[in-house]
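# Structure assessment
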Amino acid sequence: VVGSNNRSSTICFAATTNTSSGFVIAGHVGSVRGDDFTYNGNKIGMVLQTAFYNNSTADAAFLKAASNVETSYILANGGHLWAASTYKLPVNTTVWKYGITTGLTSGQIHTTGASGTVYKYDANGNVVSSAVITDQYWVNLKGEPGDSGAPVMVYDGNYNGSTKYTLVGIYSGTNRYGSVFSGYANIVKELGVTCITE
């Protein structure tokens, strides 16, 4: 999805709040309440809430879905989110990320409870703001621009022809320590959302 600032985010997951349904995207992309986001030129939603601020625990934002947009637990690659876990993952856990740029990649968590600075860029690649995000996971997987917001998942297996994943977080970006993601429990805490699952 692309925002009015021409920055793009992979959709992490479809979600509901007490009053709305929509999608969770990267907070540093959806950092301004009221910003519209489009997909293939069509409005998909508007930023209702963002957790992109200093000492937040999740680099995430919630898009309220436009009136003609349906939500789903099916990923862009056809996989299914059949669960979402608030469990704290230990070091060496293998996780998978599905980003719009790099596709499906995997890696192992090597640090938990980390803090890091996340940068917001303009369309020309210049830094316009930043925020320190706390209680993050660092993982040795590959990421590229556009992957921001990608779902981070644990692979559960193939059942009746469907590849099943448990959502465990949202991909933020890369730094010198590897890739960074915010845990699902932190997204729930910051945004008050629930993942739509199968």
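So, a few notes on the structure that sits alongside this text. (Residues numbered from 1 in each chain as written. Predicted model: local features only at pLDDT ≥ 70, side-chain atom pairs only at ≥ 80, totals over all residues. Heavy atoms only, no water.)

So, about the sheet that holds strand β14 (residues 194–195). In spatial order, the strands read β1-β4-β5-β6-β3-β2-β14; together these seven strands make up an open sheet with antiparallel pairing. Two strands close off the open sheet at either side, each with one partner strand: β1 (2–3) and β14. The sheet contact formed by strand β5 (residues 42–50) and strand β6 (residues 60–65) spans five bridges and is antiparallel. For Met46, the partnering residue across the bridge sits in β6 and is Lys64. On the sheet, helix α1 (residues 184–191) packs against β2 (13–16), β3 (21–26), β5, β6 and β14 and is oriented at approximately 60° with respect to β6. (Pairing = 2+ DSSP bridges. Helix = DSSP H or I, 4+ residues; strand = E, 2+ residues; numbered from the N terminus. Contact = heavy atoms within 4.5 Å. Axes fitted to C-alpha atoms, helices over the stretch in contact; angles between N-to-C directions.)

Backbone geometry at Asn40 places phi at a positive 55°, although glycine is not the residue there. Tracing the chain through its elements places Asn40 in the loop between β4 (36–39) and β5. We note that Asp135 has phi near 55°; this positive angle belongs to a residue other than glycine. As for its placement among the helices and strands, Asp135 is situated in strand β10 (residues 127–139). Taking the relative accessible area as the measure of exposure, Asp135 reaches 26% and is therefore partly exposed. (Buried < 20%, exposed > 50% of the residue type's maximum accessible area, 1.4 Å probe, protein only.)

In total, this model carries one cavity of 30 Å³ or more according to the counting rule given. Its boundaries defined by the atoms lining it, the largest cavity holds a volume of some 60 Å³. Forming the boundary of the largest cavity are Ser85, Thr86, Tyr87, Lys88, Asp135, Tyr137, Val168, Gly183, Tyr184, Ala185 and Asn186. The set of elements that each furnish at least two residues to the lining of the largest cavity consists of β10 and α1. (1 Å grid on protein atoms, 1.4 Å probe; cavity = no way out; pocket = protein on both sides within 12 Å on 5 of 7 lines; lining within 4 Å. Points joined across faces, edges and corners; volume = space filled by probe spheres on them.)

All right, on to the side chain of Thr50 then. Secondary-structure assignment places Thr50 in strand β5. Assessed through its relative accessible area of 12%, Thr50 is described here as buried. Looking at Thr50, its side chain comes within polar contact range of the main-chain oxygen of Gly30, at 3.0 Å. Among the polar contacts listed, one links the side chain of Thr50 to the backbone nitrogen of Phe52, at a separation of 3.3 Å. Dropping the residues within four chain positions of it, Thr50 is found in contact with Gly27, Gly30, Ser31, Arg33, Ala60, Ala61 and Leu191. (Polar contact = N/O pair within 3.5 Å; in protein donor to acceptor, adjacent residues only side chain to side chain.)

Here we come to the packing of aromatic side chains. For any pair of aromatic rings, the description rests on two quantities: the centre-to-centre distance and the angle between the ring planes. All told, the structure shown has four aromatic pairs when counted by the stated rule. Where Tyr137 meets Phe181, the ring centres are 4.7 Å apart and the plane angle is 15°; that geometry is what we call stacked. Here Tyr137 is found in strand β10, whereas its partner Phe181 is found in strand β13 (residues 178–183), with 44 residues between them in sequence. Its guanidinium or amino end placed over the ring of Tyr171, Lys97 lies 5.0 Å from that ring's centre, counting from NZ or CZ. (Phe/Tyr/Trp six-rings, centres within 6.5 Å; stacked < 30°, edge-to-face > 60°. Lys NZ or Arg CZ within 6 Å of the ring centre and 35° of its normal.)

Below, the discussion takes up the environment of Ala15. Relative to the helices and strands, Ala15 is located in strand β2. A residue is classified by how much of its surface remains accessible, and Ala15, at 0% relative accessible area, is buried. Sequence separation between Ala15 and Arg33 is 18 residues, and the spatial gap between their C-alpha atoms is 17 Å. When near neighbours in sequence (up to four residues on either side) are disregarded, Ala15 contacts Ser20, Ser21, Gly22, Phe23, Val24, Phe62, Val193, Thr194, Cys195 and Ile196.

Turning our attention to the pattern of salt bridges. Under the definition given, this model contains four salt bridges. The closest approach of N and O atoms between Lys43 and Asp36, which form a salt bridge, is 3.3 Å. Look at Lys43 and you get partly exposed, because its relative accessible area is 42%. Asp135 is the salt-bridge partner of Lys88, the closest N and O atoms lying 2.8 Å from each other. Pair noted here: Lys88 is in the loop between β7 (80–84) and β8 (94–99) and Asp135 is in strand β10, with a separation of 47 residues, a long-range link. Judged by its relative accessible area of 48%, Lys88 falls in the partly exposed class. (Salt bridge = Lys/Arg side-chain N within 4 Å of Asp/Glu carboxyl O.)

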